[in-house]
Amino acid sequence: MDRAVFLLILFTQSFLLCSIATAQQNYSANSILSCKNNDTTGPSPAFLYTCNGLHKSCQAFLIFKSQPPYNSTTTISNLTSSNPEELARINNVTLHTVFQTGKEVIIPVNCSCLTRDYYQAESEYVLPPNPTYFLVANDTYQGLSTCDSLMRANPYGVLDLLPGMELHVPLRCACPTAQQSTNGTKYLMTYSVNWGDNISNVAKRFNVTAGSVVDANSFSSENQALFPFTTVLIPFPSEPRSSLTIVDNRQPTTLPPLVSIAEKDKSKTKRKFIVAGATTGGFMLVLCVILSAVFLLRNRSAGFFKRGTKGKTLTPSEGIRGEIASIELLSKVYRFEEIKEATENFSPRNRIKGSVYRGVFGYGRNILAIKKINADASKEVNLLGKINHFNLIKLQGYCKNDGFFCLVFEYMENGSLREWLGKSRSTEHQCWAKRIQIALDIANGLQYLHNFTEPCYVHKDISTDNILLNGDLRAKIAKFTLAEESKREVTCGSSTLHVVGTRGYMAPEYLEAGIVTSKMDIYAFGVVLLELITGKDSIIVQDGREVMLSAVITNLIDEDDAEAKLSLFIDPRLTGNSGNVFALQLVRLSLACLIEEPARRPNMAEVVSSLLKIHTEMDRRISSGTNSSIRPER
């Protein structure tokens, strides 16, 4: 009996070891862009590659594209802490070689996971001016490290990085699994994906089979999309040869400044803007007040801000937008001592979330929110100073001190929409009226940005984390760090090398080609609308895998019993069968926003009009008492 038990235990251990050893690595996709992943439930590809190989340490290789100042044998080996003699040997160059810009360089590294859950090659990097973890990972190291792994490996907070600091940099590498070794793989090379790459052409370039690349990265098929700034593993039966590398003259995988402003459209065309009838009266009243203010302020100097309509001849409709935008809301300039006093020197007990603090100002004990930014925020201040809408967060003032900014905003008592949706069951959460009003608030804010400012803007980072709720649960759009000018028409969209945003909300045309138009905000709004309906996150776990909520709902539409299955996704806190009528209408509107082709998505004026119809019908039912289930309980 003892012998049988021993053999059973031995077999079980061998089976588990074999299962772990044969498991391949998982592709990170665009999860690395969020810089806020966690791995509490197990190793995540958003950090590094999992320690699951046959050996805990091995020789591995990286591909780095030569870019000044890292364009020589010496500078590249210093950046990656690799052996310069070995780097020169495998690339068939000398220690004094300077590479052509875009030349792929093979970097030999010692890949190890002796004491960690992840494989990594270790390097050190001294920070330049205006550093961020994201830029180090994706600009300097071209995706060969990740924002999450850098934050894990270093003791500094995101706002504590200063020029001259030395960062520990874990580089992405892996060792072959037992199965790969059996199949003849001796080395794995980490390749940084560039624009236009796909699995087939990457495999062909390195003279390996597409199937081996699919297996090494756990892709579902050869057609799975690759995202810039991510990495894939290329399996080799022998050392990779320098003859396989190329000079890549495509758009380089580097990041421009944090806010990439599109060039202004030289061919201005007239556009008609649809303003929903229910809001016309209120808008005209506000417009009269604004135009009166314009008349009084016409000769005032701009001060800190620049006028958006200077030097232009505008059409009548553009003139209205231009006058609105030209009213610069001269925000208060705070002294740093005032900010410190209001936040009790940025006390942890006054921290709201991340780098945002609660501050109490003046004798009236006015409560405001202070966002500390360790970078130049003048572009965001300039933009926020030129927009004025109830559904956009209001900038009360700012403070510039020693290279960083403090932006002072109105205080939003109920925090972010994501936090509110995640709270426990309450009367507010059971009310369809609240959810639809929140959706309408967001849509109104976006319509103003897209249609009623000069120039028009794309927010670029709409998500439930960036929608804030005040004490009355009215929604306001926040975080304009990534906002840039809109090209107004999808066919004239600008493109950018800097793909940033929040995972689960980024439109396909932006992820695949960097195209920036207002339709990317509409796509993100479609995801937010699904979250309002379901109460779920934009990324959910289904069958043990992370999937996008939008993809799950979209797939359900193609099934025979679509409505029955969709009803299962409606937030259970929104009780009552009658309320499902509104849910299905909202789902249809959401799916229209999520259409893959941007030109087929509705514009935000059409979205506002649709939401107003739903809101009006809901009010009618409430007033007639025909649908008590959509009212909050008392």
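The paragraphs below set out a description of the structure included in this document. On a predicted model such as this, the values are computed, not experimentally measured, just so you know. (Residues numbered from 1 in each chain as written. Predicted model: local features only at pLDDT ≥ 70, side-chain atom pairs only at ≥ 80, totals over all residues. Heavy atoms only, no water.)

Topic: the pattern of salt bridges
What the rule picks out here adds up to 19 salt bridges. Between glutamate 546 and arginine 503 there is a salt bridge; the shortest N-O distance is 2.7 Å. Taken together, the positions of glutamate 546 in strand β20 (residues 545–548) and arginine 503 in the loop between β17 (494–495) and α15 (508–513) put the pair 43 residues apart, joining distant regions of the chain. For arginine 573, the salt bridge goes to aspartate 571, with nearest N and O atoms at 2.8 Å. A single burial state applies to arginine 573 and to aspartate 571, both of which are buried. It is possible to trace a salt-bridge network through shared partners that takes in Lys332, Arg335, Glu337 and Glu338. (Salt bridge = Lys/Arg side-chain N within 4 Å of Asp/Glu carboxyl O. Helix = DSSP H or I, 4+ residues; strand = E, 2+ residues; numbered from the N terminus. Buried < 20%, exposed > 50% of the residue type's maximum accessible area, 1.4 Å probe, protein only.)

A word on the nonpolar core
Residues Ile234, Leu417, Ile442, Phe480 and Phe525 are the most contacted members of the largest nonpolar core, which totals 147 residues. Tyr334, Ala342, Phe361 and Cys406 belong to the second-largest nonpolar core, a separate cluster that totals 13 residues. (Core = buried A, V, L, I, M, F, W, Y, C linked by side-chain atoms within 4.5 Å.)

Focus: helix α17 (residues 549–557)
Of the positions making up α17, those classed as buried are Leu549, Ser550, Val552, Ile553 and Leu556. Seen from one end, α17 has its buried residues packed into an arc of 165°, which puts them on one side. (Arc of directions from axis to C-beta.)

Thoughts on the state of the cysteines
The final tally for this structure, using the stated rule, is 3 disulfides. Across the disulfide from cysteine 51 sits cysteine 113; the S-S distance is 1.9 Å. The sign of the S-S torsion, about 40°, decides the handedness of the disulfide formed by cysteine 51 and cysteine 113: right-handed. Highlighted residues: cysteine 51 in the loop between α1 (2–22) and β1 (57–65) and cysteine 113 in the loop between β2 (104–112) and β3 (121–126), separated in sequence by 62 residues. Judged on exposure class, the residue cysteine 51 and its partner cysteine 113 are both buried. The disulfide bridge from cysteine 111 ends at cysteine 173, spanning 2.1 Å between sulfur atoms. Here the S-S torsion is close to 90°, and the disulfide linking cysteine 111 with cysteine 173 is therefore right-handed. (Disulfide = S-S within 2.5 Å.)

A few points about the side chain of asparagine 154
Along the chain, asparagine 154 falls in the loop between α5 (147–153) and β4 (166–171). Its relative accessible area of 9% is what places asparagine 154 among the buried residues. If we skip the residues at most four places from it in the chain, asparagine 154 touches Tyr133, Glu166, Leu167 and His168. (Contact = heavy atoms within 4.5 Å.)

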